[in-house]
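Structural overview for review
This is what each chain is made of:
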Amino acid sequence: MRFAAIAMLMIIGRAVSVFANGDGVLNGTVVDSSTNKPIYGLTVGVAEISRLTSTNERGEFSFKGLAEGTYTVRVSGVGWNPMVKTVDVTEGTPATITFTMSESAKNMGEVIVYGASRAPEKLTSAPAAISVVTPLQIEQASSHGSVGKTMETIVGVDVVQSGSNDFNINSRGFNNSINRRMLVLIDGRDPSTPLINLNEWNSLTSLLGDISSIEVVRGPGSALYGSNAYNGVVNIRTTDPKEVLGTRVNLVAGEWETYKGSIRHAGEFGDFAYKVNVGYRQQLNYSLTSRLKDTTKPNNGLEYPGLAYDVWPLPDEARRPYAFVATGRLDYYFDPSARLVLEGGYSNSGNEFYVNQTGRILIKEVARPFTRLAYNSENFNVQALWQRRVAPKAQLVYNARATSGEESDVYSIDAQWNDTFLDDKLRLIVGAQHEQQFVNTTYDYEIDTAAGERRLPLLDPDNQRGIFTGLYAQAEYQIADPLKVVGAIRFDETNFDFPLQISPKVALVFEPITGQSFRFTYNRSWLRPSFADFFRKSPAGLPVNLAGVERTVDSVTSEIVGSPVQSNLGLGATAQWNLGNPTLTPETAQSFELGYRGTAFKRLFVEVNAYWNRRADLISNPLGGLAPNVYPSVQSNTGNAATNAIADSVLRAELAKINPLYPDRLAVYQNSPALVVVPTNIAIVDELGVEIGATYFLTNELSVRANYSYLSVEVQDNEVEVNRILPNTSPHRVNLGMEYMSPGEFDANLNLRYVEGFNWIAGLIEGHVPAYAVMNLSAGYFVMKDLRVGLNVFNLLDRRHYEIFGGTILRREVTGSLTYTF
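One structure accompanies this document, and this report is about it. As the structure is a computational prediction, the values presented were derived from the model and not from experiment.

1. Observations concerning empty space enclosed by the protein
Counted by the stated rule, this structure contains 18 cavities of 30 Å³ or more. Considering only enclosed or pocket space, the largest cavity measures out at about 300 Å³ in volume. Looking at the largest cavity, it is lined by 24 residues, and the ones nearest its centre are Gly 145, Ser 146, Leu 208, Lys 260 and Arg 281. Going through the elements one at a time, β16 (246-254), β17 (258-269) and β18 (272-282) are the ones with two or more residues in the lining of the largest cavity. Split into classes, the residues belonging to the lining of the largest cavity amount to eight nonpolar, 13 polar and three charged.

2. Some remarks on the sheet that holds strand β4 (residues 60-66)
Pairing is mixed in the open sheet, where three strands are placed in the order β4-β1-β7. Across the chains shown, the open sheet's two edge strands, defined by having one partner strand only, are β4 and β7 (95-101). Each strand of the sheet is rotated relative to its neighbour by a mean of 15°, with strand direction disregarded. Two strands pair when backbone bridges link them, and strand β1 (residues 24-32) and β4 are joined in this way by six bridges, in the antiparallel orientation. Across the sheet, residue Gly 24 finds its bridge partner in β4, namely Leu 66.

3. Some remarks on the nonpolar core
Val 147, Met 151, Trp 201, Ile 214, Val 216, Val 234 and Ile 236 are the most contacted members of the largest nonpolar core, which totals 21 residues. Elements with a minimum of two residues in this core: α2 (135-141), β11 (157-162), β12 (166-171), β13 (182-186), β14 (211-218) and β15 (232-238). The contacts of Val 234, once residues within four sequence positions are left out, are Met 151, Ile 169, Met 182, Leu 183, Val 184, Leu 185, Ile 214, Glu 215 and Val 216.

4. Describing the packing of aromatic side chains
Applying the stated criterion across every chain, the model contains 30 aromatic pairs. Aromatic side chains Tyr 443 and Tyr 445 sit 5.1 Å apart centroid to centroid with 70° between the ring planes, which places their arrangement in the edge-to-face category. Each member of the pair, Tyr 443 as well as Tyr 445, carries the same accessibility label: buried. Note on Phe 498 and Trp 526: the rings are 6.0 Å apart at their centroids and 65° apart in plane angle, and the pair reads as edge-to-face. One end of the pair, Phe 498, is in the loop between β28 (483-494) and β29 (501-513); the other, Trp 526, is in strand β30 (residues 516-527), with 28 residues separating them in the sequence. For the residue pair Phe 498 and Trp 526, the accessibility class agrees, reading buried in each case. By the ring-pair criterion, three or more aromatic residues cluster together here, those being Phe 468, Phe 496, Phe 498, Trp 526, Phe 531, Phe 534 and Phe 535.

5. Things to note about the sheet that holds strand β32 (residues 573-579)
Strand order in the open sheet made by the four strands is β31-β32-β36-β35, with mixed pairing throughout. Looking at the sheet topology across the chains shown, the edges are occupied by β31 (537-545) and β35 (666-669). Each strand axis lies, on average, 40° off the axis of its neighbour in the sheet, ignoring direction. Sheet topology places β31 next to β32; six bridges connect them, and they run antiparallel. Each residue of the ladder has a partner; that of Lys 537, found in β32, is Leu 579.

6. Some words on the environment of Gly 693
With respect to the helices, strands and loops of the structure, Gly 693 is situated in strand β37 (residues 681-697). Its relative accessible area of 9% is what places Gly 693 among the buried residues. Taking the C-alpha atoms as reference, Gly 693 lies 38 Å from Phe 370; in sequence the two are 323 residues apart. Ignoring any residue separated from it by four or fewer positions in sequence, one finds Gly 693 in contact with Phe 605, Val 606, Glu 607, Ala 706 and Asn 707.

7. A word on helix α5 (residues 547-561)
If you check α5, its first and last C-alpha atoms are 22 Å apart, about what 15 residues at 1.5 Å a residue would give, namely 21 Å. Of all the residues in α5, the buried ones are Val 549, Glu 550, Val 553, Asp 554, Thr 557 and Ser 558. Here the buried residues of α5 occupy an arc of 160° about the axis, which is enough to place them on one side. Along α5, exposed side chains directed more than 90 degrees from the buried face belong to Arg 551 and Glu 559. Tucked inside the fold, the buried residues of α5 contact α6 (641-658). Backbone geometry just after α5 places Gly 562 at a positive phi near 80°.

8. Remarks on a negative patch on the surface
On the surface, Asp 23, Glu 68, Glu 91 and Asp 271 cluster together into a negatively charged patch. Relative to the assigned elements, Asp 271 resides in the loop between β17 and β18. Residue Asp 271 is classed as partly exposed on the basis of its relative accessible area of 40%.

9. Considerations on α6
A rise of 1.5 Å per residue sets the reference length of α6, with its 18 residues, at 26 Å; its end C-alpha atoms lie 26 Å apart and thus fit the reference within 8%. When we look at burial in α6, the residues that qualify are Thr 643, Asn 644, Ala 647, Asp 648, Val 650, Leu 651, Glu 654 and Leu 655. Contacts from the buried residues of α6 go to α5, α7 (662-665) and β35. You can read the cap of α6 off the contacts: a side-chain oxygen lies 3.0 Å from the backbone nitrogen of Ala 642, and it is on Asn 640.

10. Quick look at the pattern of salt bridges
Taken as a whole and assessed by the stated rule, the structure comprises 44 salt bridges. Here Arg 372 makes a salt bridge to Glu 343, at a shortest N to O gap of 2.7 Å. With Arg 372 in strand β21 (residues 360-377) and Glu 343 in strand β20 (residues 338-355), the pair connects residues that are 29 residues apart, well separated along the chain. Glu 343 matches Arg 372 in its accessibility class, with the two residues each being buried. Ionic pairing is found between Arg 490 and Asp 492, a salt bridge with its closest N-O pair at 2.9 Å. In this structure Arg 490 comes out as buried when scored by relative accessible area, which is 4%. For Asp 492, a relative accessible area of 7% puts it in the buried group.

11. Quick notes on the side chain of Gln 474
Position of Gln 474 among the secondary structure elements: in strand β27 (residues 464-480). A polar atom in the side chain of Gln 474 sits 2.9 Å from the side chain of Glu 476. Those residues in contact with Gln 474 that sit more than four places away from it in its chain are Ser 117, Leu 224, Arg 427, Leu 428, Ile 429, Val 486, Gly 487, Ala 488 and Lys 505.

12. Overview of the environment of Lys 37
Of note, Lys 37 is situated in the loop between β1 and β2 (43-46). Sequence separation between Lys 37 and Leu 340 is 303 residues; the distance between their C-alpha atoms is 33 Å. Setting aside anything within four residues of it in sequence, one finds Lys 37 in contact with Val 30, Val 31, Asp 32, Gly 744 and Glu 745.

Calculation criteria
- Residues numbered from 1 in each chain as written.
- Predicted model: local features only at pLDDT ≥ 70, side-chain atom pairs only at ≥ 80, totals over all residues.
- Heavy atoms only, no water.
- 1 Å grid on protein atoms, 1.4 Å probe; cavity = no way out; pocket = protein on both sides within 12 Å on 5 of 7 lines; lining within 4 Å.
- Points joined across faces, edges and corners; volume = space filled by probe spheres on them.
- Helix = DSSP H or I, 4+ residues; strand = E, 2+ residues; numbered from the N terminus.
- Nonpolar A, V, L, I, M, F, W, Y, C, P; charged D, E, K, R; others polar.
- Pairing = 2+ DSSP bridges.
- Axes fitted to C-alpha atoms, helices over the stretch in contact; angles between N-to-C directions.
- Core = buried A, V, L, I, M, F, W, Y, C linked by side-chain atoms within 4.5 Å.
- Buried < 20%, exposed > 50% of the residue type's maximum accessible area, 1.4 Å probe, protein only.
- Contact = heavy atoms within 4.5 Å.
- Phe/Tyr/Trp six-rings, centres within 6.5 Å; stacked < 30°, edge-to-face > 60°.
- Expected span 1.5 Å × (residues − 1).
- Arc of directions from axis to C-beta.
- Patch = residues over 30% accessible without salt bridge, like charges linked within 9 Å, V, L, I, M, F, W, Y side chains within 5 Å.
- Areas by Shrake-Rupley, 256 points an atom, 1.4 Å probe, with all protein chains shown as cover.
- Salt bridge = Lys/Arg side-chain N within 4 Å of Asp/Glu carboxyl O.
- Lys, Arg positive; Asp, Glu negative; His and termini not counted.
- Charge placed at Lys NZ, Arg CZ, Asp CG, Glu CD.
- Polar contact = N/O pair within 3.5 Å; in protein donor to acceptor, adjacent residues only side chain to side chain.

As structure tokens, then:
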């Protein structure tokens, strides 16, 4: 850790000392050659300063603080022939340039991505399986405003939904009701809850309308991103103020009392640029129903068999989720390639239900402020962050008389240096991260005592502090024009009691023809146990009176040995606990992958990936007897070893008569007998997967697409056989779609998603998710240059289905939108 701190301070010190000089300004506009209309979302690069930006809604871009000289500007994007121009910049008078772009066969290789290497590169050159939700696709999604739904048609990505806003986003198997195997970053900030690493998509302190791009890296990413980049990374970038100068208003309304609204304003003065966002949304969680046992109804009141019953009533207020979001950002530009960013934000949301291991949990209200300070330049990037999550009201576990709270703070700093050498054939990236998390579940949150709510600590001991430090490096070398080799390694350490984690990565990218690449990749990734995995203390049920068991043990043992015996078990009203295991180690995965990505026949873009993963040390469901070194089993104490063995045998037999799970669960906790369930590390599992995707452009405006994902899982070893191991993912998933896109005029998208039925396990609850096919429709029309009206229909044919066992029945949702930019 000392080395990490020194390295980070060196990087920061170097970063803040490097500023360029110059007062030159370059303004540009990009328009369509056939219509003369502005083109939004194209990538603009200046070769001499290695800086990229994007065109805004007016087709404009700008670079400031340039030194006098001649600059080479390149504009590119999907569906447009790249264009390069040179321009002379002098101080005092802004230089202007206009690009008149002609349409081309669509070339996805022109898309620039960041997430695979933590540096910009062409999509076809990325050393990982990566997909992008483009600015135009995000604009289409403004008709519904849901970040999670934008990713559900990406090949290899598993997006499942319960209720209005409970999404689990995963790739390549082993999804979960509280999924934390996919790292999500928003401008480098991890928004997950520190307590259990859950991503609460409704409480994100970012609005969909302010997102510039979403990249999904499929497969392990720990070599650059560390813990929790276990199955991949969702890298979300919000807009820079200069990209979106002006004001944008978005209004959404629709079925199920859906109302959403947001406003963004961005401007600039001198060397400063700023941006402000405010948004609010609410709707009826129509699919949410009470699961109190009701013998007068089918399935005793449950939507489908096998669900856990509620113990709390479901008030109407709890069916109306809401969220308020506000952010503000100020950028100061030292020069075109160096800036300082200060951003803060706050979200307040509530009435959200999430499916958990045993049922579901209600988040009545949660507040999430954050502040970040970043320095970005051509070679240095540094970011310091603080964020908080606090639940001012009790969080209710709906299938047990249990409540919880979370008051957590995260402080982190991330510094990175990158540069190129040997005529740009060699690129080096070196970085360091340090983060501290403080988690408290015992504080004065609001409870309804009349309803039976109590303040219960979820952790023991509480007030936990996690310290996490990582160092990483990556080298990319262009051996020859068609061949690039990539090597990366990361070291992570923590104050938790498990070994230093080393995450290597090796990749070969072979591009024999421009825009056609083959890739081989090896990765190792790891998943850190959560605070709850380590230190959980939550009721697993009401106390069970076992005093009669002890009397029977004494009586039967006395009869067997022929003399009076007292087992001294201390049984009585025996508490039931779901506890953490402080001896857990991280889950690990090793992955080998082959991939192809390229444009064939000018209009056909194809992607094929095949991978083999070996997962080990999976964190099991909480079960009895899995941590005897931490919670030893209750044993008789008669004073005679042979008699103890007889009494213990009788004890197990008597417990099994009450519940076959009790013999393994009876353990010593806090010097008293208790019925305990606890997780442990188990199993070795092999995965084989294939992802195939293709997009064919019939014309420059009209395209069809199809993708298919296959997953096979084989358990090689599982010492805890009672713990079933399932990938919680369908073995066969298909997406078919058609899209018409005329930027600035009209767009329409029709997609059919098919998921073959599969089994899902959450905790000890296992059930079947039947196959479902869902058709979604979206369309938008520009009434005027700056005014777009949109329509979105999820589940067009109203096919009632559920996507996660324990989730709600989903139906059709229709929304309309109005977006005005000025």
